Amino acid sequence: MSIINETAKAAEVGDKNGLRDVLDFLVTEEQLGVTLLTAAIERAAGTPSETFLPVLRNGVTQEFHHVEALKAAGGIALTTSYWFPDAAFDDGNVGLFSTLEVIETVEISLYLIGVSAYARAGEEFGARLCAEAMGTEAVHRALVRFAQGELGKDVGVPNDVGFENFDWPTVAKVRDALEGIGIGYGTQTSAPGRFYEYPGDPIARGVGSPVSHTLPA
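## What to know about helix 2 (residues 19–42)
Turning to step 1, where the next piece is worked out: When the terminal C-alpha atoms of helix 2 are compared, their 35 Å separation across 24 residues agrees well with the 34 Å that a helix rising 1.5 Å per residue should span.
Turning to step 2, where the next piece is worked out: Of all 24 residues making up helix 2, 22 are buried, and the element is well covered by its neighbours.

Encoded structure:
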């Protein structure tokens, strides 16, 4: 854990390079992922999303491990309360996976911002942490595209990019994109929905399933 502690120190001195902003929003966003997936899993029974529960259960555990690693690296969540539009869940239909595709795609850019910020700070472990987590998010993106195809939505092939996107190159643009689909970070948006609180460890809650490689290398 000493390497992670050094990464946390890098975050403290890296404000001028935007490291603090991206690290805090990464923690906030990964908590959002745990919160959204937990709610989706708990209401999956009897819906089309139930078929994909093994993937969702692994996914929520992976997101939780990201939260814990980012916190250990010095990240501080901006909120634990998230406004999700009802449409984001689509009653467990294909719209749930369409929402997840948007979130995962934008998060890939967010992690690339983190790689760049850690590189500017000269911090190898932090850059690798972001890259390792980004790899997982890219897998998630392909999986939710696959799920949409299986549920009848034509999204093309799941693995459709030669390089992952960097379409949102600032934290502000990332946040704008996610708020644009009706998500609120501690604030209510105009999209009909409600607040959800970060539920913590999905294994302890009974919604997650174990994964390998639970710590960054």
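Further notes follow.
## Section: a nonpolar patch on the surface
Turning to step 1, where the next piece is worked out: Where nonpolar side chains cluster on the molecular surface, the patch consists of Val55, Val139 and Leu143 and spans about 210 Å² of accessible area.
Turning to step 2, where the next piece is worked out: Here Val139 shows up in helix 6 (residues 124–150).
Turning to step 3, where the next piece is worked out: Judged by its relative accessible area of 47%, Val139 is partly exposed.

## Digging into the packing of aromatic side chains
Turning to step 1, where the next piece is worked out: Counted according to the given criterion, the structure contains 8 aromatic pairs.
Turning to step 2, where the next piece is worked out: Ring geometry for Phe52 against Phe97: centres 5.2 Å apart, planes inclined by 70°, an arrangement best described as edge-to-face. Of the two residues, Phe52 is situated in the loop between helix 2 and helix 3 (53–72) and Phe97 in helix 5 (residues 94–120); the sequence distance between them amounts to 45 residues.
Turning to step 3, where the next piece is worked out: Its relative accessible area of 2% is what places Phe97 among the buried residues.
Turning to step 4, where the next piece is worked out: Between the aromatic rings of Tyr82 and Phe84, the centroid separation amounts to 6.2 Å while the plane-to-plane angle is 5°, which identifies the pairing as stacked. When sorted by exposure, Tyr82 lands in the same class as Phe84, which is buried.
Turning to step 5, where the next piece is worked out: Here the aromatic cluster, defined as three or more aromatic residues joined through ring pairs, consists of Phe25, Tyr82, Phe84, Phe89, Tyr185 and Tyr196.
Turning to step 6, where the next piece is worked out: Over the aromatic face of Tyr196 sits the side chain of Arg194, whose NZ or CZ is 3.9 Å from the ring centroid.

## Some words on the environment of Gly59
Turning to step 1, where the next piece is worked out: Residue position: Gly59 is located in helix 3.
Turning to step 2, where the next piece is worked out: A relative accessible area of 5% means that Gly59 is categorised as buried.
Turning to step 3, where the next piece is worked out: Linking Gly59 and Glu137, residues 78 residues apart in sequence, is a C-alpha distance of 9.1 Å.
Turning to step 4, where the next piece is worked out: Among all residues touching Gly59, those that are not within four sequence positions of it are Leu37 and His140.

Basis of the calculations
Residues numbered from 1 in each chain as written. Predicted model: local features only at pLDDT ≥ 70, side-chain atom pairs only at ≥ 80, totals over all residues. Heavy atoms only, no water. Helix = DSSP H or I, 4+ residues; strand = E, 2+ residues; numbered from the N terminus. Expected span 1.5 Å × (residues − 1). Buried < 20%, exposed > 50% of the residue type's maximum accessible area, 1.4 Å probe, protein only. Patch = residues over 30% accessible without salt bridge, like charges linked within 9 Å, V, L, I, M, F, W, Y side chains within 5 Å. Areas by Shrake-Rupley, 256 points an atom, 1.4 Å probe, with all protein chains shown as cover. Salt bridge = Lys/Arg side-chain N within 4 Å of Asp/Glu carboxyl O. Phe/Tyr/Trp six-rings, centres within 6.5 Å; stacked < 30°, edge-to-face > 60°. Lys NZ or Arg CZ within 6 Å of the ring centre and 35° of its normal. Contact = heavy atoms within 4.5 Å.

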